[in-house]
Amino acid sequence: MASDNALSQILTTQQMRDAEQRIFDAGMPEFDLMQLASGRAAEWVRRIAAGRSVTVLCGPGNNGGDGYVIAHCLQKAGLEVTIVAPEAPKTPSAKQALALWGDDVLTSGGSVQGEVFVDCLFGSGLTRKLSGEHSLLLRDLAERHQMAIALDVPSGIASDSGAVLNERLPRFDVTLALGAWKFAHCLLPARDKMGTQRLVPIGVSALEEAAVRVTKPKLAPPAFADHKYSRGLAAIVGGDMPGASVLAAQAAMRAGAGYVKLAVHEAPNAGPELVVDTSHVRVALDDKRINAVLIGPGLARHEGSIKALETALKCKGALVLDADALHLVEPHMLDPQMSVLATPHDGELDALCRKFAIVADGRMARAKALAAMSGMVICAKGPDTIIASPQGEVAIAPPAPSWLSIAGTGDVLAGIAVSRMANGSDPFTAACEAVWLHGEAARICGPAFTSLELAQSVGRALARCL
Ligand SMILES: NC(=O)C1=CN([C@@H]2O[C@H](COP(=O)(O)OP(=O)(O)OC[C@H]3O[C@@H](n4cnc5c(N)ncnc54)[C@H](OP(=O)(O)O)[C@@H]3O)[C@@H](O)[C@H]2O)[C@@H](O)CC1
Ligand SMILES: Nc1ncnc2c1ncn2[C@@H]1O[C@H](COP(=O)(O)OP(=O)(O)O)[C@@H](O)[C@H]1O
Ligand SMILES: [K+]
């Protein structure tokens with residue numbers, strides 16, 4: 001049985017080819033692997049089709065080969081199947097697959113209509129934009145069927161970057177990833193074209209250096225002998241807009257730390273459960289028991305905020321930098337010995353990249369370069385949140401409800417992260433735990449919640465990880 005890591009890893013096209021090669025080297029003939037993969041994918045298509053007719057569009061490579069095998073399996077299962085193949089198979093396995101099918105193949109879409117459409121034109125081997133003819137055929141067939149399923153990666157999408165190479169590509173209802181997730185399954189804009197995703201395992205083993213999808217963390221309840229300090233003291237430094245730090249604190253109190261202290265110059269209107277320290281930030285943070293500090297939400301950007309940031313950086317422990325702190329921090333301020341997590345949204349990521357002279361293209365490359373250059377773990381927030389560590393680890397969050405696109409939800413995420421770090425998680429693990437808990441809290445809230453309701457749901461999200 002495949003390990004959890006093998007099922008959550010995200011592979012580049014080259015890593016996938018290497019993984020397949022290892023399976024061949026272990027003695028499995030290439031066509032046997034294609035039959036295994038396509039047989040399992042066909043089972044999904046059969047269930048989804050539920051007796052409806054199926055049209056399979058087959059390309060010249062192994063993605064097309066998979067299409068012929070899927071068509072064969074569905075026909076054997078009693079479904080009405082039509083194959084459209086604008087080009088003859090070119091790879092040895094695809095040629096064998098066509099021979100296995102052994103029935104008619106249409107070379108053009110013509111007037112083919114049907115119920116379920118399966119796109120096996122190109123998969124992870126796509127190297128360039130679809131030709132006009134291929135793109136039109138794909139779009140026409142998708143439009144003339146009730147539902148569309150993409151095999152492995154939808155045609156016209158770059159597997160390694162998630163770039164959509166052609167305009168007006170269809171949107172799929174279901175995408176069946178073969179063997180492992182690819183970056184296109186996780187990143188925008190490709191992710192938005194794929195509908196529901198399912199992974200079809202084919203025995204690919206876990207690769208240590210692979211990126212991973214963030215999965216549900218396994219968290220432990222407090223030990224029998226735990227007390228508030230042993231569970232971790234998180235300090236949150238507030239600023240001119242105390243609401244933001246209150247949101248962070250409300251989330252932090254529900255994410256594992258035993259003690260959450262809010263350091264602000266004026267006590268906000270917050271519940272009695274929140275420990276507020278209105279002494280000077282230097283005094284408030286001068287406490288050896290503090291395990292992790294969060295600074296940034298609601299901080300504002302002026303001389304006083306820079307002083308507060310410098311004080312937080314002097315704590316030398318675990319630190320979360322968010323919001324305004326990301327605009328105020330300068331490369332020379334960071335101590336390589338500190339464990340720092342930065343949680344920028346796109347605008348803050350741009351600002352940090354400018355400061356650290358990062359010129360890489362695309363969010364993934366920028367987050368990785370920034371992590372390597374700054375020594376911070378970078379949690380680049382958005383609908384496809386990317387977490388990158390200075391050591392080169394990469395994790396991508398699973399889709400979270402788009403209802404999170406409201407003000408204040410980033411403060412909640414930062415609060416969860418500092419709580420996890422105070423509780424002992426390293427910054428990369430804390431970021432993964434935080435994005436999962438954040439997404440789950442949003443699912444618990446349902447549609448149209450406030451950021452305070454989101455923070456208040458974090459405890460219920462955590463309960464699902466015990
Ligand atoms: N290895 C295995 O056994 C397994 C593989 N599996 C399956 O294999 C798929 C990958 O197969 P693949 O590498 O053959 O690539 P695929 O995506 O079918 O097509 C690439 C071909 O098309 C060409 N081409 C590229 N872009 C083009 C364009 N825009 N317009 C026109 N042509 C274009 C390119 O050739 P080129 O013209 O660049 O020389 C190349 O020949 C993967 O997604 C999964 O479904 C599974 O069965 C598991 C076991
Ligand atoms: N469309 C979306 N789908 C999923 N998550 C989203 C979406 N839009 C925003 N988010 C999440 O909501 C949070 C917004 O953070 P941020 O922009 O910093 O908000 P604020 O600064 O107002 O607190 C991030 O965690 C981000 O990943
Ligand atoms: K495809």
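Residues numbered from 1 in each chain as written. Chains lettered and ligands numbered in written order. Predicted model: local features only at pLDDT ≥ 70, side-chain atom pairs only at ≥ 80, totals over all residues. Heavy atoms only, no water.

In the annotation of an unreviewed UniProt entry, the entry for the chain reads Bifunctional NAD(P)H-hydrate repair enzyme, and the organism field reads Erythrobacter longus.

Caption draft 1: Local environment of the sheet that holds strand β8 (residues 196–200). If you trace the six strands from one edge of the open sheet to the other, you get β3-β2-β4-β5-β6-β8, paired in parallel fashion. Every other strand in the sheet has two partners, leaving β3 (81–84) and β8 as the edge strands with one partner each. Each strand axis lies, on average, 20 degrees off the axis of its neighbour in the sheet, ignoring direction. Where strand β4 (residues 116–120) meets strand β5 (residues 147–151), four bridges bridge the pair, whose relative direction is parallel. Within β5, the residue paired with Phe117 across the bridge is Ala148. Sheet strands touched by helix α4 (residues 62–76): β2 (54–58), β3, β4, β5 and β6 (174–178). Its angle to β2, the strand with the most contacts, is close to 160 degrees. (Pairing = 2+ DSSP bridges. Helix = DSSP H or I, 4+ residues; strand = E, 2+ residues; numbered from the N terminus. Axes fitted to C-alpha atoms, helices over the stretch in contact; angles between N-to-C directions. Contact = heavy atoms within 4.5 Å.)

Caption draft 2: Broad picture of the site of ligand 2. Around ligand 2, 16 residues are found, and the nearest of them are Lys381, Gly382, Gly408, Gly410 and Asp411. Thr385 is positioned with one of its side-chain polar atoms (N or O) 3.4 Å from an oxygen atom of ligand 2. Residue Gly408 places a main-chain N or O atom 2.8 Å away from an oxygen atom belonging to ligand 2. The fraction of the free accessible surface of ligand 2 (580 Å²) that becomes covered by protein chains is 79%. (Near = heavy atom within 4 Å. Polar contact = N/O pair within 3.5 Å; in protein donor to acceptor, adjacent residues only side chain to side chain. Areas by Shrake-Rupley, 256 points an atom, 1.4 Å probe, with all protein chains shown as cover.)

Caption draft 3: Structural view of the side chain of Asp66. Residue position: Asp66 is located in helix α4. Lacking a salt bridge, the buried Asp66 has Lys182 as its closest oppositely charged neighbour, with an N-O distance of 9.0 Å. Beyond its immediate sequence surroundings of up to four residues, Asp66 is in contact with Met34, Ser38, Leu151 and Leu178. (Buried < 20%, exposed > 50% of the residue type's maximum accessible area, 1.4 Å probe, protein only. Lys, Arg positive; Asp, Glu negative; His and termini not counted. Salt bridge = Lys/Arg side-chain N within 4 Å of Asp/Glu carboxyl O.)

Caption draft 4: The arrangement of helix α12 (residues 363–374) in detail. Over its twelve residues, α12 extends 16 Å from the first C-alpha to the last, a length consistent with the 16 Å expected when each residue adds 1.5 Å. Along α12, the residues that are buried comprise Arg363, Met364, Arg366, Ala367, Leu370, Ala371 and Ser374. Summarising the contacts, the buried residues of α12 are in contact with α11 (346–355), β16 (377–380), β17 (386–388) and β18 (394–396). The first or second residue beyond α12 is Gly375, which carries a positive phi of 80 degrees. (Expected span 1.5 Å × (residues − 1).)

Caption draft 5: Representation of the coordination of the potassium ion (ligand 3) in the model. Looking at the metal site, the potassium ion (ligand 3) is ligated by Asn63 (OD1), Asp119 (O), Phe122 (O), Leu151 (O) and Val153 (O), spaced 2.7 to 3.0 Å from it. Linear spacing of the donor residues for the potassium ion (ligand 3) on their chain is N-x55-D-x2-F-x28-L-x1-V. Val153 carries the same exposure label as Leu151, and that label is buried. (Donors = N, O, S within 2.8 Å, 3.2 Å for Na, K, Ca; no water.)

Caption draft 6: Fine view of the packing of aromatic side chains. Overall, the coordinates contain one aromatic pair when judged by the stated rule. Between Tyr229 and Tyr259 the ring centres are 5.5 Å apart and the planes differ by 40 degrees, which places this aromatic pair in the tilted class. Separated by 30 residues along the polypeptide, Tyr229 in the loop between β9 (211–213) and β10 (233–237) and Tyr259 in strand β11 (residues 259–263) bring together distant segments of the chain. Assessed through its relative accessible area of 27%, Tyr229 is described here as partly exposed. What makes Tyr259 buried here is its relative accessible area of 17%. Between the NZ or CZ atom of Arg47 and the centre of the ring of Trp44, over which it lies, the distance is 5.2 Å. Over the aromatic face of Trp181 sits the side chain of Arg213, whose NZ or CZ is 3.9 Å from the ring centroid. (Phe/Tyr/Trp six-rings, centres within 6.5 Å; stacked < 30°, edge-to-face > 60°. Lys NZ or Arg CZ within 6 Å of the ring centre and 35° of its normal.)

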